[in-house]
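An overview of the molecular structure
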Amino acid sequence: MDFDLVIKNGTIVTAVNTFTADIGINGETIAAVGQGLAGARVLEAAGKLVTPGAVDIHVHLQMPIGNVVSTDDFYTGTVAAAFGGTTTIIDFVETQPDETMAAAIAARRALADPRVVVDYGLHMTITPADMGKLAQVPAAFAAGCTTFKLYMAYGHRLDDGQLLRALTAVRHVGGLPVVHAENWDVILTLIADNLAHGRTTPHWHPRSRPALLEAEATGRIIDLAVFVGVPIHIFHVSCGAAAARIAAARERGWPVTGETCPQYLFLTQDVYDRPGDEGALPVCSPPIRESREQDALWAALSRGDLQLITTDHCPFTRAEKAANLADYSRIPGGVPSIEMRFAAIYSQGVRSGLLTPSQWVDLCCTAPARLAGLEKKGHIAPGYDADLVIFDPDTPFTLTAQSLHETANWTPYEGLTLHGRVQTTIVRGQIVVTDGELQAAAGYGRYCHRQQRKPQP
Ligand code: URP
Ligand code: ZN
Ligand code: ZN
């Protein structure tokens, strides 16, 4: 029997093993993995790695923060994702004051559905203003938002009592809370002290958000989750001490997971001392930290103490970043990473021997899909969505703002040379990107209506 599409002779890398075989695809689905498969269309992949499509469960597209909106919209952001080998993203939704959670999801979908070129899901954000809406959590869950974002920082920050209520509501539906863990009271106090003493430049940004207190907040939310009896996922871990809190909880058998992001693995806090507005560009929270933290994060990934690599892609323009140079605490936080993640982790992680190829795939594809309840994504086997990447492991590729498809027009990784490059990205059997060409139209991507999560280790 001929398949619709066959990827031939590739070195298939999954989260468990690496082997040479063909992949047969019918329609949107992987139909067979084996030898000598024939297809109406054939992509030759000898000498290339073939992986599941990468899954990025932490991105902020066209996300309003104060009076600015993150620069990539659902089209440009998902195009950049596709060029980087990412076939599914999870973005965020939050309610307006008089809006129900279900209505907010419908409105966000109306924005995204006609624009996305890869598949996507949504996390429902629960803010202090939503405390009266917790009875709507089942409706959000039924609408496919099975993960709920809780902030311990910013204006959206929940106090411990509110966290307790939100965690309880999420537990009742079998959902997963995903958390930004920092100690907001300490941060506000340190910022106030710095500004009062004229310490206003981005140099002071990491110095007002101490690693030790990120770890404290991580430990606190884990303890609250254990008390409530709900699993928990910790977003954007930036330091070894926070990773250690996650590892310690896992050691005790609690269903706790953690992720880190490229900015914490590739940059160090001296980026904030770059001259002029260059120092403002990498402002993000938690902040980029010292090189010893970077080493600790790579070691945590290698040991399995952190389970996911996401991006927290949330870029703003140079002008938006530079508008608040007189007060670092007002610089909109977030950096672009959506396009470089998969190749960068291969280049720096696998080629250096810090990670095995299977760890790379697990961290960037399989574990994120499983955690987020994307049951047909993140793995190569019959029955899974034909979301695949053909990856050239040898070609060097230098990251520049110009060569990327992100729209911020700057990248914190300018000039970084990676070894290994995404050649082809396939989403549900359709080639979306190949050899530097976009081949899918806006709206090809589809909303992932998530249901029950698979139990976590
Ligand atoms: O500074 C950051 N990380 N901005 C994006 C929003 C968040 O905190 O995840
Ligand atoms: Zn965050
Ligand atoms: Zn984020």
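Scoring rules and cut-offs
- Residues numbered from 1 in each chain as written.
- Chains lettered and ligands numbered in written order.
- Predicted model: local features only at pLDDT ≥ 70, side-chain atom pairs only at ≥ 80, totals over all residues.
- Heavy atoms only, no water.
- Near = heavy atom within 4 Å.
- Polar contact = N/O pair within 3.5 Å; in protein donor to acceptor, adjacent residues only side chain to side chain.
- Areas by Shrake-Rupley, 256 points an atom, 1.4 Å probe, with all protein chains shown as cover.
- Nonpolar A, V, L, I, M, F, W, Y, C, P; charged D, E, K, R; others polar.
- Helix = DSSP H or I, 4+ residues; strand = E, 2+ residues; numbered from the N terminus.
- Buried < 20%, exposed > 50% of the residue type's maximum accessible area, 1.4 Å probe, protein only.
- Donors = N, O, S within 2.8 Å, 3.2 Å for Na, K, Ca; no water.
- Tetrahedral: all angles 85-135°; square planar, octahedral: opposite > 155°, others 65-115°.
- Salt bridge = Lys/Arg side-chain N within 4 Å of Asp/Glu carboxyl O.

1. Remarks on the site of ligand 1
As a matter of local geometry, ligand 1 sits amid H58, H60, Y154, H180, H236, C284, S285, D312, C314, G333 and G334. Contacts to ligand 1 include H58, whose side-chain N or O atom sits 3.5 Å from an oxygen atom. At a separation of 3.1 Å, an oxygen atom of ligand 1 approaches a polar side-chain atom of H180. Look at ligand 1: alone it shows 260 Å² of surface, and the protein chains cover 99% of it. Counted by class, the shell around ligand 1 contains 3 nonpolar, 7 polar and 1 charged residues.

2. Focus: the environment of R252
Tracing the backbone shows R252 in the loop between α7 (240-251) and β14 (256-260). By relative accessible area, which is 52% here, R252 ends up exposed. Taking the C-alpha atoms as reference, R252 lies 31 Å from H156; in sequence the two are 96 residues apart.

3. Observations regarding the coordination of the zinc ion (ligand 3)
Tetrahedral metal sites with four donors have an ideal angle of 109.5 degrees; octahedral sites with six donors have ideal angles of 90 or 180 degrees. Distances from the zinc ion (ligand 3) to its protein donors, H58 (NE2), H60 (NE2) and D312 (OD), fall within 2.0 to 2.1 Å. Classification of the site at the zinc ion (ligand 3) rests on its 4 donor atoms, whose angles at the metal span 88 to 130 degrees, yielding the label tetrahedral. Metal-to-metal, the separation of the zinc ion (ligand 3) and the zinc ion (ligand 2) is 3.8 Å. The pair H58 / H60 is uniform in exposure class, with both members buried.

4. Brief notes about the pattern of salt bridges
One pass over the full model with this rule turns up 22 salt bridges. Two residues, D73 and R115, come together in a salt bridge whose shortest N-O distance is 2.7 Å. With D73 in the loop between β8 (68-69) and α1 (74-83) and R115 in the loop between α2 (101-112) and β10 (119-126), this residue pair connects regions lying 42 residues apart in the sequence. Judged by relative accessible area, which is 33%, R115 ranks as partly exposed. In this structure, K376 engages D385 in a salt bridge whose closest nitrogen and oxygen atoms are separated by 4.0 Å. In the salt-bridge network here, residues are joined through shared partners; they are E28, D119, K376, K377, D385, D387, R428 and R446.

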